[in-house]
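# Structural description and commentary
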Protein chains: 2
Amino acid sequence: MRKRIITISRQFGSGGRSIGKDVAQALGIAYYDRELIEKVAEKTGLSHNFIEEHGEYSPSKYPFAYSFVGRTTSGMSMSDYLYNEQRRVIVEIADKEPCVIVGRCADYILRDRADSLHAFIHAPLEVREKRIVTLYGETDDAPRKRILDKDKKRAINYQYFTDRQWGAVENYHITLDSHALGMDACVKLLVELAK
Amino acid sequence: MRKRIITISRQFGSGGRSIGKDVAQALGIAYYDRELIEKVAEKTGLSHNFIEEHGEYSPSKYPFAYSFVGRTTSGMSMSDYLYNEQRRVIVEIADKEPCVIVGRCADYILRDRADSLHAFIHAPLEVREKRIVTLYGETDDAPRKRILDKDKKRAINYQYFTDRQWGAVENYHITLDSHALGMDACVKLLVELAK
């Protein structure tokens, strides 16, 4: 079956976003990453910053931090509210048009769609350390710490909302080491699989 | 770089062996699975049964069982001895000819070879349950139990000798869901990557 929807989950600094963008371009389909934030902001009135910070990352490196997130007037936690709205946007997008969706538990949300392909991109830590400095510049934190913090927050967020383990092979149809295989080869493979 | 060596690790019942065989055939290169047992038996004088049972599986479902494995006259445990001899055979084979090697920690043993491609094949549990009954017939144990036992013993064996987690994405250049993608697509992808 042709895969209309491709979800890309990725380790921080692995080049997953860039691969996702190239796959979308090669297939001539829509690409959703930051573009999702825009849509969720329209729906919820929440700020872009809040959505960017909480739409894919746990509030801290500790899972229990979810207990302290503020509540909406209905009593639902802000995190749950944001997840639900984001989930709704992802389902709508997938219904509407073929596309690539990066991150945000999209693999889980669309797991029952036979027309979707779920990929996870990873790369060795030392390669990612170099990559994020080239791409995003230096900060006060060491590159390794930035990567581990970010991946941990993604992992907790994923586990909290899906009850699955982020990056576990079972969740994905294909996982790729973007360093060992090369970014272009990853793009080519995904494009072929989608066809 | 062309990949001369392809290692295939696989969940029990996922079709990894069959994929490995087809990849070897498509590339016109050697295939080592049971063929490895033959070579190790020649070297060590150990029985085929012993090598088959212990060359890839822990002695029981409990990691500490390794402490109770018999010793060689040099004081080395039989498991360590078998692993070392098997490792030596794998390194020799990889030096000698392009090939596909199934299981037996080959991904770890050959991890530093730039001309190797390391793949892991998995499939949903329910699919594997059906597959092993079709392929190997019924036994007194339920298919699910047979799969979980076998995978657990592979995982413990792998962790014991490599200090890595069996089936963790980081260990493999590519992982594939043979059910979602189809066995033929998996073969095709691996053949292309190897070229």
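Bear in mind that the values here come from a model prediction, so they are computed numbers and not experimental data. (Residues numbered from 1 in each chain as written. Chains lettered and ligands numbered in written order. Predicted model: local features only at pLDDT ≥ 70, side-chain atom pairs only at ≥ 80, totals over all residues. Heavy atoms only, no water.)

What follows covers the interface of chain B and chain A. The partner chain A presents 20 residues to the 20 residues of chain B that form the contact. Carbon and sulfur atoms make up 61% of the surface buried where chain B meets chain A, a total of about 1600 Å² over both sides. The largest share of the area that chain B buries against chain A comes from Val169, His173 and Leu189 of chain B, three residues that together contribute 31% of it. Taken together, the links from chain B to chain A amount to zero salt bridges. At the junction of chain B with chain A, the criterion picks out nine residue pairs in polar contact (both at pLDDT 80 or more). Broken down by secondary-structure element, the contributors of at least two residues to the side of chain B that touches chain A are β4 (116–122), β5 (174–177), α8 (178–181) and α9 (183–194) of chain B. For the side of chain B that touches chain A, the class distribution of residues is 10 nonpolar, five polar and five charged. Across three bridges, strand β5 (residues 174–177) of chain A lies against β5 of chain B in antiparallel orientation. Looking at the pairing, leucine 176 of chain A lines up with isoleucine 174 of chain B of β5 of chain B. (Contact = heavy atoms within 4.5 Å. Buried area = accessible area lost by both parts, 1.4 Å probe. Salt bridge = Lys/Arg side-chain N within 4 Å of Asp/Glu carboxyl O. Polar contact = N/O pair within 3.5 Å; in protein donor to acceptor, adjacent residues only side chain to side chain. Helix = DSSP H or I, 4+ residues; strand = E, 2+ residues; numbered from the N terminus. Nonpolar A, V, L, I, M, F, W, Y, C, P; charged D, E, K, R; others polar. Pairing = 2+ DSSP bridges.)

The next subject is the pattern of salt bridges. Pairs can form between side chains of opposite charge once their charged atoms are near each other. Per the counting criterion, the structure on display carries 30 salt bridges over all chains. Notably, a salt bridge pairs aspartate 151 of chain B with arginine 128 of chain B, separated by 2.9 Å at the nearest N-O pair. Pair noted here: aspartate 151 of chain B is in helix α7 (residues 143–162) and arginine 128 of chain B is in helix α6 (residues 125–136), with a separation of 23 residues, a long-range link. Just as aspartate 151 of chain B is buried, arginine 128 of chain B falls in that class too. Taken together, the salt bridges that share partners define one network made up of Arg10, Arg17, Asp33, Glu56 and Arg104 of chain A. (Buried < 20%, exposed > 50% of the residue type's maximum accessible area, 1.4 Å probe, protein only.)

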